[in-house]
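Working through the structure, step by step
What follows is the residue order along each chain.
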Amino acid sequence: MSGCSASLAPVVDIYGQDTRQRKVTSGTHHVREGETLYSIAWRYGWDYRELGAANNIPAPYTIYPGQRISLALKQTSTAPVSRPRPVTSGSTSSSTTSKPVSKPSSTPAPSPAPVTKPAASKPAVSSDSGSRTVGPVTWRWPAGGTVVESFSASSSGRKGIAISGRTKSPVIAAADGRVVYRGSGLTGYGNLLILKHNDRWLSAYAHNDAMLVKEGDVVKAGQKIATMGATGTFRTQLHFEIRRDGKPVDPMQYLPKQ
């Protein structure tokens, strides 16, 4: 797969080097062979559902080489639509319609009971020795090794974590999911796999040596999906990301404690 062909739009790479904005909202992207809407959304900081809606691309988000994907954020009006009141058949004017008048009751109405607002729901969190469930997703470590670089929320920081290891050591699926991208066209990621766990959650596995699954494959948590390598980087490591609604989050908040 070849590199990105985009006009008026910077590429957001693995380290977040774009200092103007994380989410690119101008220009267009020209689809090339091997790209998916998921990989394009990942590249420019979009949620894939939002990017699909902005380009009138419905699920299952099929795109084609040569297609142009707009990165301009489309605003949709949320103002309520005023609708005319229904008119009763046979009435000629609302001003001539007599309305019954309610007589005041001699018995005072009871005071309304206080309304108790439900507490804000929080995602359920549970753990065992090898996994941790946060909300609907059960996570486990994607590789053995030491975390040598941490997640950073700054615009120039790493968007995931780096795990050191030996060349060709196993890379496993961090949760049940489906492969939605396999390729090497995103700047700085090398050989990259992206898994979709549900509509909100995606994870990415970068710098792989060999990739053992293909797009469309359904994988189980703990399944070997790749081997660790140094593609697109200067040392053998796994760069691992989790994104919720298109936004990078700190994987250490979701992975089980070591």
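Every value quoted in this text rests on a predicted model; they were computed, and no experiment measured them.

A few points about the sheet that holds strand β15 (residues 224-228)
The three strands are arranged β9-β15-β13 in an open sheet whose pairing can be described as antiparallel. Taken across any chain shown, the strands that pair with only one partner, and hence form the sheet edges, are β9 (170-172) and β13 (208-211). Mean inter-strand twist for the sheet, computed between neighbouring axes without regard to direction, equals 35 degrees. Here β13 runs beside β15; their pairing, made up of two bridges, is antiparallel. Its bridge partner being in β15, Asn-208 is matched across the sheet by Met-228.

A look at the packing of aromatic side chains
Two aromatic rings are characterised by how far apart their centres lie and by the angle between their planes. Across all of its chains, the model carries six aromatic pairs by this definition. Judged by centre distance (6.0 Å) and plane angle (65 degrees), the rings of Trp-139 and Trp-201 are edge-to-face. Linking Trp-139 in strand β6 (residues 137-139) with Trp-201 in strand β12 (residues 201-206), this pair joins segments that are 62 residues apart in sequence. We classify Trp-201 as buried; its relative accessible area is 6%. Ring centres of Trp-201 and Tyr-254 lie 5.2 Å apart, and the angle between their planes is 70 degrees; this geometry places the pair in the edge-to-face category. Here Trp-201 is found in strand β12, whereas its partner Tyr-254 is found in the segment after β17 (247-249), with 53 residues between them in sequence. Overall, the relative accessible area of 9% leaves Tyr-254 in the buried class. An aromatic cluster of at least three residues, connected via ring pairs, comprises Tyr-38, Tyr-48 and Tyr-61. Its end group placed over the ring of Trp-46, Lys-23 keeps NZ or CZ at 4.4 Å from the ring centre. Its end group placed over the ring of Tyr-48, Arg-49 keeps NZ or CZ at 5.8 Å from the ring centre.

Here we look at the pairing of strand β11 (residues 192-196)
Buried residues dominate β11, accounting for five of its five residues. Every second residue of β11 is oriented toward a common face, with Leu-192, Ile-194 and Lys-196 on one face and Leu-193 and Leu-195 on the other, all of them buried. Pairing geometry for strand β10 (residues 177-183) and β11, over five bridges, is antiparallel. Residue pairing across strands places Gly-183 opposite Leu-192, the latter belonging to β11.

Observations concerning helix α1 (residues 37-44)
The buried count for α1 comes to eight of eight residues, which makes it a mostly enclosed element. Three or more residues of α1 are buried, namely Leu-37, Tyr-38, Ser-39, Ile-40, Ala-41, Trp-42, Arg-43 and Tyr-44. Just past α1, the residue Gly-45 takes up positive phi, approximately 80 degrees.

Re the confidence of the model for the protein
Residues with a pLDDT of 70 or more make up 70% of the protein, whose mean pLDDT is 80. Throughout residues 16-21 the model reports pLDDT below 50, and contacts reaching past four residues in sequence, or to other chains, amount to 11 contacts.

Conventions adopted
- Residues numbered from 1 in each chain as written.
- Predicted model: local features only at pLDDT ≥ 70, side-chain atom pairs only at ≥ 80, totals over all residues.
- Heavy atoms only, no water.
- Pairing = 2+ DSSP bridges.
- Helix = DSSP H or I, 4+ residues; strand = E, 2+ residues; numbered from the N terminus.
- Axes fitted to C-alpha atoms, helices over the stretch in contact; angles between N-to-C directions.
- Phe/Tyr/Trp six-rings, centres within 6.5 Å; stacked < 30°, edge-to-face > 60°.
- Buried < 20%, exposed > 50% of the residue type's maximum accessible area, 1.4 Å probe, protein only.
- Lys NZ or Arg CZ within 6 Å of the ring centre and 35° of its normal.
- pLDDT = per-residue confidence, 0-100.
- Contact = heavy atoms within 4.5 Å.

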